[in-house]
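# Remarks on the overall topology
Residue strings, one per chain:
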Amino acid sequence: MRIRKSAIALGLALSLGSLSFASRADTVSGDRGSDMLIDLIVLRPIGLASTVVGSAVFVLGLPFTIPSGSVGDSACELVKRPAAYTFTRPLGDLEGCAGMDCRLCTEPAARGHD
């Protein structure tokens, strides 16, 4: 029951942010403050949980990724990318490192942010 209420609240928060999408090109919700609020309250905790769960899955998958030689790829997707999205991007930058390779994602200067 609690999970259902949380999912509904998250869905409402994200849908309200999309109402004024066209008002400013550099924001998702149309207002930089709203982007920062959504990022701080919703997306950062989800990113932290994704990093923790991804780390556990990465460790559990090591017996399969070591023989196949895909340890680096799995580390990038399961640990580095969620960690970079959570801890290295500026508050309110909801795009983060979408579509970038893992090496560039973890280097803030490569994304245009210092």
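Residues numbered from 1 in each chain as written. Predicted model: local features only at pLDDT ≥ 70, side-chain atom pairs only at ≥ 80, totals over all residues. Heavy atoms only, no water.

## Quick notes on the overall build of the protein chain
How we decide: Secondary structure elements follow DSSP: runs of H or I of four or more residues count as helices, runs of E of two or more count as strands, with numbering from the N terminus. Residue exposure (1.4 Å probe, protein chains only): buried if accessible area is under 20% of the type maximum, exposed if over 50%, otherwise partly exposed. Contacts are assigned to residue pairs with any non-hydrogen atoms lying within 4.5 Å of each other. In this description, accessible areas are obtained by the Shrake-Rupley approach with a 1.4 Å probe, and a residue is regarded as covered only by the protein chains that are shown.
Of regular secondary structure, the protein chain possesses 4 helices and 0 strands. Helices (α) and strands (β) of the protein chain occur, in sequence order from the N terminus, as α-α-α-α. Within the protein chain, the fraction of its 114 residues that count as buried is 28%. In the protein chain, of all internal contacts separated by at least 6 residues, the share reaching a separation of at least 24 is 47%. A total accessible area of about 7400 Å² is found for the protein chain, and carbon and sulfur atoms account for 69% of it.

## Comments concerning helix α3 (residues 71–87)
The criterion, for reference: The length a helix should cover is 1.5 Å for every residue beyond the first. Each residue is assigned a bend, namely the angle between axes fitted to the seven residues that terminate at it and the seven residues that start at it.
An ideal rise of 1.5 Å per residue puts 24 Å on 17 residues; α3 measures up with 22 Å between its terminal C-alpha atoms. Helix geometry: α3 is bent most strongly at E77, by close to 35 degrees.

## As for the confidence of the model for the protein chain
Selection criterion: Known as pLDDT, the predictor's confidence for each residue is given on a scale from 0 to 100.
On average, residues of the protein chain carry a pLDDT of 76, and 57% of them reach 70 or more. Of the regions scoring below 50 in pLDDT, residues 17–24 engages in 11 contacts with residues more than four places distant in sequence or in other chains.

## A word on the packing of aromatic side chains
Rules: Centres within 6.5 Å make a pair out of two Phe, Tyr or Trp rings, where for Trp the six-membered ring is used; the pair is then stacked when the planes are under 30 degrees apart, edge-to-face when over 60, and tilted otherwise. In our convention, an over-ring charge means Lys NZ or Arg CZ found within 6 Å of a ring centre and within 35 degrees of that ring's normal.
For the coordinates displayed, the defined rule picks out 0 aromatic pairs. The ring of Y85 has R89 lying over it, and the distance from NZ or CZ to the ring centre is 3.7 Å.

## Notes on the side chain of R44
What counts, and what does not: Between N or O atoms, a polar contact is any pair within 3.5 Å; within protein, one atom must be a potential hydrogen donor and the other a potential acceptor, and residues adjacent in sequence are included only when both atoms are from side chains.
Inspection of the secondary structure puts R44 in helix α2 (residues 32–68). Of the polar contacts made by the side chain of R44, one reaches the backbone oxygen of T86; its length is 2.5 Å.

## Describing the pattern of salt bridges
The test is simple: Any carboxyl oxygen of Asp or Glu that lies within 4 Å of a side-chain nitrogen of Lys or Arg is treated as forming a salt bridge with it.
For the coordinates displayed, the defined rule picks out 3 salt bridges. The partner of R44 in a salt bridge is D39, with the nearest N and O atoms 3.1 Å apart. Just as R44 is buried, D39 falls in that class too. Between D39 and R89 there is a salt bridge, and its shortest N-O distance comes to 2.6 Å. Residue D39 is located in helix α2, and its partner R89 is located in the loop between α3 and α4 (102–105); the two are separated by 50 residues in the primary sequence. Residues participating in the shared-partner salt-bridge network are D39, R44 and R89.

## A few points about α2
With 37 residues, α2 extends only 44 Å from end C-alpha to end C-alpha; this falls clearly short of the ideal 54 Å at 1.5 Å per step. In α2, a bend of some 60 degrees at L62 exceeds every other bend along the element, and P63, a proline, comes one to four places later. At the exit of α2 stands G69, carrying a positive phi of roughly 75 degrees.

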